[in-house]
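What follows is the residue order along each chain.
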Amino acid sequence: MNDSSKDIGLIGLAVMGQNLALNIADHGFQISVFNRTYSKTVDFLERNPSTPTLSGHESLNDFVSSLKKPCKIIIMVQAGKPTDLVIESLIPLLQKDDVIIDGGNAKWTDTIRRERKLSDHGIHFVGSGVSGGEEGARFGPSLMSGGSIDAWNQIKDIWLSISAKVDPSSGKPLGGAEPGKPVEGGVPCAAYIGTDGSGHYVKMVHNGIEYADMQMICEAYHMLSSLGGLSANQIGEIFKSWDEGILDSFLIEITGDILCQQDPRSGNPFVEVVLDAAGQKGTGKWTSVNALDMGVPAPTVAEAVFARCLSAVKEERAHASEILAGVPIRSLDCSVDHFVESIRDALYCSKICSYAQGFQLMREAQNEYSWKLNFGEIAQIWRGGCIIRAAFLQKITEAFERNSELPNLLLDEYFKECISTYQGNWREVVSLAVNSGIPCPTFSSALAYYDGYRNARLPQNLLQAQRDYFGAHTYERIDEPRGTFFHLDWLHPDRPESRIE
Ligand code: 6PG
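Residue numbers restart at each chain and count upward from 1, following the sequence in its written direction. A pLDDT threshold of at least 70 governs which residues receive local features in this predicted model, and a stricter bar of 80 or more applies before side-chain atom pairs are shown or counted, although totals over entire chains, interfaces and linings include all residues. Calculation of side-chain values draws on the structure's entire complement of heavy atoms; hydrogens and water are dropped beforehand.

K.L.:
Pulling in residues and values, what's your account of the site of the ligand?
P.N.:
By convention in this text, a residue qualifies as near a molecule or strand provided that one of its non-hydrogen atoms is within 4 Å of it. Near the ligand you find 14 residues, and of these Asn-105, Ser-131, Glu-210, Tyr-211 and Lys-281 are the closest. Separating an oxygen atom of the ligand from a side-chain N or O atom of Glu-210 is a distance of 2.6 Å. In protein, a polar contact requires one atom able to donate a hydrogen and another able to accept it; more generally it is a pair of N or O atoms within 3.5 Å, and residues adjacent in sequence count only if both atoms are side-chain atoms. Note that an oxygen atom of the ligand is positioned 2.8 Å from one of the side-chain N or O atoms of Arg-308. Comment: elements are numbered from the N terminus, with helices defined as DSSP H or I runs of at least four residues and strands as E runs of at least two. No other element matches the 5 residues that helix α8 (residues 198-226) contributes to the shell around the ligand.

The structure is reproduced here in structure tokens:
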């Protein structure tokens, strides 16, 4: 029935779209859904007969007509061209002040472009990161929205109600929602991030950090198995115990489950029958490319992407393994318990560094794109619902509460103390891995980042001299004010250097 009574519409009924639609419906909002292939809409409605707030339409026209004015439409289709095609098809059907919300993993620069284009038509565009996978979409995702404040005000009620919630005092996620029974109370894991592409940018950085977190966990598993001689099941139990402490997080929790899982086919540990060739959809790469573009050091995120790339050349590695020599695995010169504790410490220190890099990126991006980001709030909305949700994020919120202008998380008193306490074990673990030929690109790059950041003098004095030698690229001097550049005539180095104006 096209009575223009529905609160919101959703286009794209792949699993994320379906789950988000059901989540919205559970919260009492009237929602219309549309899918290019109508049979999918019919099938979805048939599978959810007891959700009266849900309705579907075969024609896009009818779908739009069913919505209250100004219309609010969420697009949950594949990022890239499919999103543009849906937007194109909607423009002629929409009016001034209507809102399109893109809930896909769009590139923030596409979101900026789309927002500009739609604003020429008087239509609002919200680029909203939606994190938490299928389960998050269904029971409470973390939502990072960018666009005009007017658009945010239009979607705010729905976004705040459907998002995950955290306990206001402890910051702990309030979970346990069941279909039709939304979580009551708590601080919503949804926020207005800023203008145009900021929401999608923050979601991208979330994913970059997700890549680093996942790779770190893999490195910990690799070392516990190869150096510690522990079985998948034993390592799974260790991860379960870590989930009770400072590493308490969704990714640690699911790793415990995965490692304790048996392959139903062979009866072997499930993880051991999975091929070691990683896939990726590109958000970690975007984060790293953007870090390079802005000149922000984010080596740990980049190493996590490269580790996936190296894993993907499986056949080439298998060939190389028959040719290239390594070194024997060292035996532990400490108890297994101490070794396990050292890996946990190394993982925590590396994690602090990769988050420091992610927040540095957002700090630089806000200057580049004239956003005003609230870093404490970003950490807070990542506390529940999303893939990187972790107890540790509360410490980041507290760090930015102590100092909203904190230049780097490493300088916060809590994180400074943590690294100072744990760095001995971190260094031991990295050196043991290096001396045993076990790759640990995120653990070691995080350590190099930490050591680089805390050194007042690095060897790039020599690099500047090299650049000046072969390319007259100039250098600054330690005994002259910053920003004053010199060049030495390297064919006649005894001559006085020239000051470059
Ligand atoms: C999330 C996830 C989600 C998706 C990743 C997977 O926040 O819910 O990040 O967006 O799982 O995009 O990315 P890869 O396929 O690149 O690992």
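Having seen the structure, we can now continue with the description.
K.L.:
How would you explain helix α5 (residues 108-120) if you had to name every residue and give the values?
P.N.:
With 13 residues, α5 should cover 18 Å at 1.5 Å per step; its first-to-last C-alpha distance of 19 Å lies within 8% of that length. In this description, contact between two residues means that some pair of their heavy atoms is separated by no more than 4.5 Å. Residues of α5 that are buried in the fold lie against α4 (81-90), β5 (99-102), β6 (124-131), α8, α12 (283-294) and α15 (336-369). In the stretch just after α5, Gly-122 is the one whose phi turns positive, near 80 degrees. By this rule, a helix spans an expected 1.5 Å times one less than how many residues it contains.

K.L.:
Account for the pattern of salt bridges, with residues named and values stated.
P.N.:
When a carboxyl oxygen of Asp or Glu is within 4 Å of a side-chain nitrogen of Lys or Arg, the pair counts as a salt bridge. Under the defined criterion, the tally for this structure stands at 21 salt bridges. Two residues, Asp-84 and Arg-113, come together in a salt bridge whose shortest N-O distance is 3.2 Å. With a gap of 29 residues between them, Asp-84 in helix α4 and Arg-113 in helix α5 connect regions that are remote in the sequence. The rule is simple: take the accessible area with a 1.4 Å probe, protein chains only, and divide by the maximum for that residue type; under 20% is buried, over 50% is exposed, in between is partly exposed. Here Arg-113 falls in the partly exposed class, since its relative accessible area comes to 40%. With its nearest N and O atoms 2.9 Å apart, the salt bridge here joins Asp-84 to Arg-114. Of the two residues, Asp-84 sits in helix α4 while Arg-114 sits in helix α5, which places them 30 residues apart along the sequence. Take Asp-84: its relative accessible area is 19%, and that puts it in the buried class. What makes Arg-114 buried here is its relative accessible area of 3%. Beyond isolated ion pairs, a larger network of salt bridges with shared partners links Asp-84, Asp-102, Asp-110, Arg-113 and Arg-114.

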